[in-house]
Amino acid sequence: MTGIEHLPDWAALLVSLLLILGSSIILIGALGLIRLRSFYQRIHGPAITVTLGAGSLLIASMLYFTVAQSRVVVHEIIITVFVLLTAPVVAMMIMRAAVYRDLRAKKGDAGATAGEVYTISRE
């Protein structure tokens, strides 16, 4: 494996831009995870950063190793597809579990009842 100094300029620039883009998106998601108050607001930060940030980092890795090794590197494509397919589903399932937990505990002031989508029956 060769270093970044042996890459063509176009590939080094593209890899650098993708790494900066991916790390910026992940940083913004981490700040959102820290700053937002409720669980329902906090879930959005990691859900978005996993798909966009990790996708950018994996594409940068794929491009780097493809150019450096002069062959197509396929395993990053498989990882990217797996992350892009599973991350939104996992975020949705975590959110749904939190809604059902709040409804079962009959928390009237929880985020599950915001917007009157879910109602808590008072028995």
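So, how was this worked out
- Residues numbered from 1 in each chain as written.
- Predicted model: local features only at pLDDT ≥ 70, side-chain atom pairs only at ≥ 80, totals over all residues.
- Heavy atoms only, no water.
- Helix = DSSP H or I, 4+ residues; strand = E, 2+ residues; numbered from the N terminus.
- Buried < 20%, exposed > 50% of the residue type's maximum accessible area, 1.4 Å probe, protein only.
- Contact = heavy atoms within 4.5 Å.
- Areas by Shrake-Rupley, 256 points an atom, 1.4 Å probe, with all protein chains shown as cover.
- Salt bridge = Lys/Arg side-chain N within 4 Å of Asp/Glu carboxyl O.
- UniProt positions renumbered as here; feature names shortened; annotations may be inferred.

Engineer: Before we move on, can you summarise the overall build of the protein with the specific residues and values?
Structural biologist: When helices and strands are tallied, the protein shows four helices and zero strands. Helices (α) and strands (β) of the protein occur, in sequence order from the N terminus, as α-α-α-α. Looking at the protein as a whole, 28% of its 123 residues qualify as buried. The long-range fraction of contacts in the protein, counting pairs at least 24 apart against all pairs at least 6 apart in sequence, stands at 59%. On the protein, roughly 8500 Å² of surface is accessible, and the fraction owed to carbon and sulfur atoms is 69%.

Engineer: Summarise the pattern of salt bridges; cite the residues concerned and give the values.
Structural biologist: All told, the structure shown has one salt bridge when counted by the stated rule. Asp102 is paired through a salt bridge with Arg101; the nearest N and O atoms lie 3.5 Å apart. What makes Asp102 buried here is its relative accessible area of 3%. The class of Arg101 is partly exposed, set by a relative accessible area of 48%.

Engineer: Quick rundown of the UniProt feature "transmembrane region" (unreviewed entry) in the protein? Include the residues and the values.
Structural biologist: As recorded in UniProt, the feature "transmembrane region" (unreviewed entry) lies at residues 12-34, 46-65 and 77-99. Taken end to end, residues 12-34 comprises 100% helix and 0% strand; its first and last C-alpha atoms sit 33 Å apart. Along residues 46-65 the backbone is 100% helical and 0% strand, and the end-to-end C-alpha distance reaches 27 Å.

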